[in-house]
Amino acid sequence: MDQASAQSSAAADRLLTALQRIFRPLVRLFIARSIPYSFVANLLRGVYVDVAVKEFPVAEKRQTDSRITLLTGIHRKDVKRLRSQPHLPLRPPRAVTLASQLIARWTTLPEYLDAHGAPQPLPRLPADDGTHSFESLVRSVNTDIRPRVILDEWLRLGIAQLDEHDRVCLNVAAFIPPRGSEEMTYYFGRNLHDHVAAAVHNMTGEADAPEPLLERSVNYNNLTPAAVSELTAVAKQRGMEILQELNARGLRLQQRDAGQTGATQRFNFGLYLFIEDQSADTEEPDDAD
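What you see is a predicted model; the values in this text were computed from it and never measured. (Residues numbered from 1 in each chain as written. Predicted model: local features only at pLDDT ≥ 70, side-chain atom pairs only at ≥ 80, totals over all residues. Heavy atoms only, no water.)

Note: strand E1 (residues 122–123) against strand E3 (residues 167–170), 2 bridges, orientation antiparallel. Pairing of Leu122 across the sheet is with Val168, part of E3. In textbook terms, the turn of a hairpin is the stretch between consecutive antiparallel strands, and for strand E2 (residues 160–162) and E3 this stretch comprises 4 residues, one of which, Asp166, has a positive phi near 60°. (Pairing = 2+ DSSP bridges. Helix = DSSP H or I, 4+ residues; strand = E, 2+ residues; numbered from the N terminus.)

The subject of this paragraph is unusual backbone geometry. Peptide bonds are, in most cases, trans, and in most cases residues other than glycine have a negative phi. Residue Glu60 is not a glycine yet carries a positive backbone phi of 60°. Here Glu60 is to be found in the loop between helix H2 (37–55) and helix H3 (65–72). Located in the positive-phi region is Asp166, a residue other than glycine, with phi close to 60°. Within the secondary structure layout, Asp166 lies in the loop between E2 and E3. Judged by its relative accessible area of 32%, Asp166 falls in the partly exposed class. (Buried < 20%, exposed > 50% of the residue type's maximum accessible area, 1.4 Å probe, protein only.)

Attention now goes to H3. Along H3, the residues that are buried comprise Asp65, Ile68 and Thr72. One face of H3 carries all of its buried residues, which in axial projection span an arc of 60°. Where H3 is buried, its residues contact H2 and helix H4 (76–84). Immediately beyond the C-terminal end of H3, within one or two residues, lies Gly73, with a positive phi of roughly 80°. (Arc of directions from axis to C-beta. Contact = heavy atoms within 4.5 Å.)

Under the definition given, this model contains 9 salt bridges. Linking Lys54 and Asp50 is a salt bridge whose minimum nitrogen-to-oxygen distance equals 3.2 Å. Highlighted residues: Lys54 and Asp50, both in helix H2, separated by 4 residues, approximately one helical turn. Notably, a salt bridge pairs Asp166 with Arg124, separated by 3.1 Å at the nearest N-O pair. Of this pair, Asp166 sits in the loop between E2 and E3 while Arg124 sits in the loop between E1 and helix H6 (134–141), and the two are 42 residues apart along the sequence. (Salt bridge = Lys/Arg side-chain N within 4 Å of Asp/Glu carboxyl O.)

Written out as structure tokens, the structure is:
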């Protein structure tokens, strides 16, 4: 084997090792939710065909079933069947969109903030003097769902609470969808997709491609639980600071750009934190990538 072939083989082995690691938590989820291998394999087969058709075209030529088979290794009969199946549009649940818009407005627009820049308690119902209320906040975003319906759900989830003056108080820290809910499933798919897509962009980008996307992490081993708690507290505090800053600026820019030609871009910046006991595993080097 020549040097180029050896390097290519080694690179393929490293990629396969990385893929095994990526698949492990997903397989853990599949098994926990009783999703069998056969179902996942068929789902992956459909994704292979869809990506090959949409993202690997030949200039001025029609994408034939034979070419898709060549690209993916999937039998032509299966390719034909999968290409004929309708694809459902990937839209966020209505509750996700509405809640995100309400939280963004309440935590960033000056009329909803107190002197310290924190979301102030809002009267549940509008007042005669035109003071902003929870009902007017909801009406500013959506007129189809009654504000009381949203409030009852937020009270149930702990996102908001009523004080002794019948004011709605926002608990930003509690805005985490319940496990297994439609909202959490949506964010799981969107955020994990975007993180992996950023990493793949950086792995496969050509020399003349746009600059690498931001995808960095800090990793340390051989820490005590106390040290991990200290780092976790810092990460949560600083992380929320940057998220709140970007949220405020993003809302202002979105309102400024609304209706403009070219306002078609999507921006997603996220944070993640992972902790595990590596006592039974092979240790990794400390790094800041």
